[in-house]
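Architecture and fold: a report
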Amino acid sequence: MSKFSFVIIVLAIVLNLSACGDNEDAAHDMSQDDNEETTNMDHSTMKHLSDGKLPEGLKEASYPTYSVGSTAIIQANHMEGMNNAEATIVGAYDTTVYAVSYTPSNGGEPVTNHKWVIHEELKGAGEDPLKPGDQATINADHMHGMQGATGTIDSAIETTVYMVDYISTTGEKVTNHKWVTESELSKTKE
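Rules used in this analysis
Residues numbered from 1 in each chain as written. Predicted model: local features only at pLDDT ≥ 70, side-chain atom pairs only at ≥ 80, totals over all residues. Heavy atoms only, no water. Helix = DSSP H or I, 4+ residues; strand = E, 2+ residues; numbered from the N terminus. Buried < 20%, exposed > 50% of the residue type's maximum accessible area, 1.4 Å probe, protein only. Contact = heavy atoms within 4.5 Å. Areas by Shrake-Rupley, 256 points an atom, 1.4 Å probe, with all protein chains shown as cover. Phe/Tyr/Trp six-rings, centres within 6.5 Å; stacked < 30°, edge-to-face > 60°.

Some words on the overall build of the chain
Across its full length, the chain holds one helix and nine strands. The linear arrangement of helices and strands in the chain, starting from the amino end, is α-β-β-β-β-β-β-β-β-β. Split into buried and exposed, the 190 residues of the chain put 40% on the buried side. Residue pairs at least 24 apart in sequence account for 60% of intrachain contacts in the chain once pairs closer than 6 positions are excluded. Here the chain displays about 10,800 Å² of accessible surface, and carbon together with sulfur accounts for 49% of that area.

Structural data, given as structure tokens:
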């Protein structure tokens, strides 16, 4: 092995280890993006890992564009390293997906236009989709302080949402990421 290859491998290991925290479930610092979709989102407490547990009442998609086990390219900037990463589809579900604004239940700065929370993750939302301006209690923990917070609906879209696994463009393995909408995925080049 050449000295150059050895140095590259050592640097890759050091960079990878420096990104790790003491706790696998620890929040990962996220960079802000100038993209209109994420300008107001505070990604600093976004969880990368999920147990994959689904909310009660969520129904699998009958005819998803991307079937479970297939791959797609993520075209979204919810988290650092997500855009242009290749994802493996873990689940596909038909629901209403919401961008929400809320003040974290554990204090902290308000979060605006968080993407995404699905209908089944809103406590007492009923059967009909909510509309922009409606309020609901969030029953999801994608970010610290989200669980139990009162959210205001910024937008609502009836679509297929996907839970995905991917390796970020920064090298981090992300499993069971909730949620990516169908419009945020594109076909992989074959």
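That shown, we press on.
Digging into the packing of aromatic side chains
Tallied over the entire structure, the rule returns two aromatic pairs. With centroids separated by 6.0 Å and ring planes inclined at 80°, the aromatic side chains of Tyr 93 and Trp 179 adopt a geometry described as edge-to-face. Residue Tyr 93 is found in strand E3 (residues 86-102), and its partner Trp 179 is found in strand E8 (residues 173-181); the two are separated by 86 residues along the sequence. Residue Trp 179 is classed as buried on the basis of its relative accessible area of 0%.

With respect to unusual backbone geometry
That bond from Lys 115 to Trp 116 is cis: its omega, 10°, falls within 30 degrees of zero. Tracing the backbone shows Trp 116 in strand E4 (residues 111-118). Looking along the chain, the bond that leaves Lys 178 and enters Trp 179 is cis, with omega of 5°. Even without being a glycine, Asn 113 presents a positive backbone phi close to 55°. The topology assignment puts Asn 113 in strand E4.

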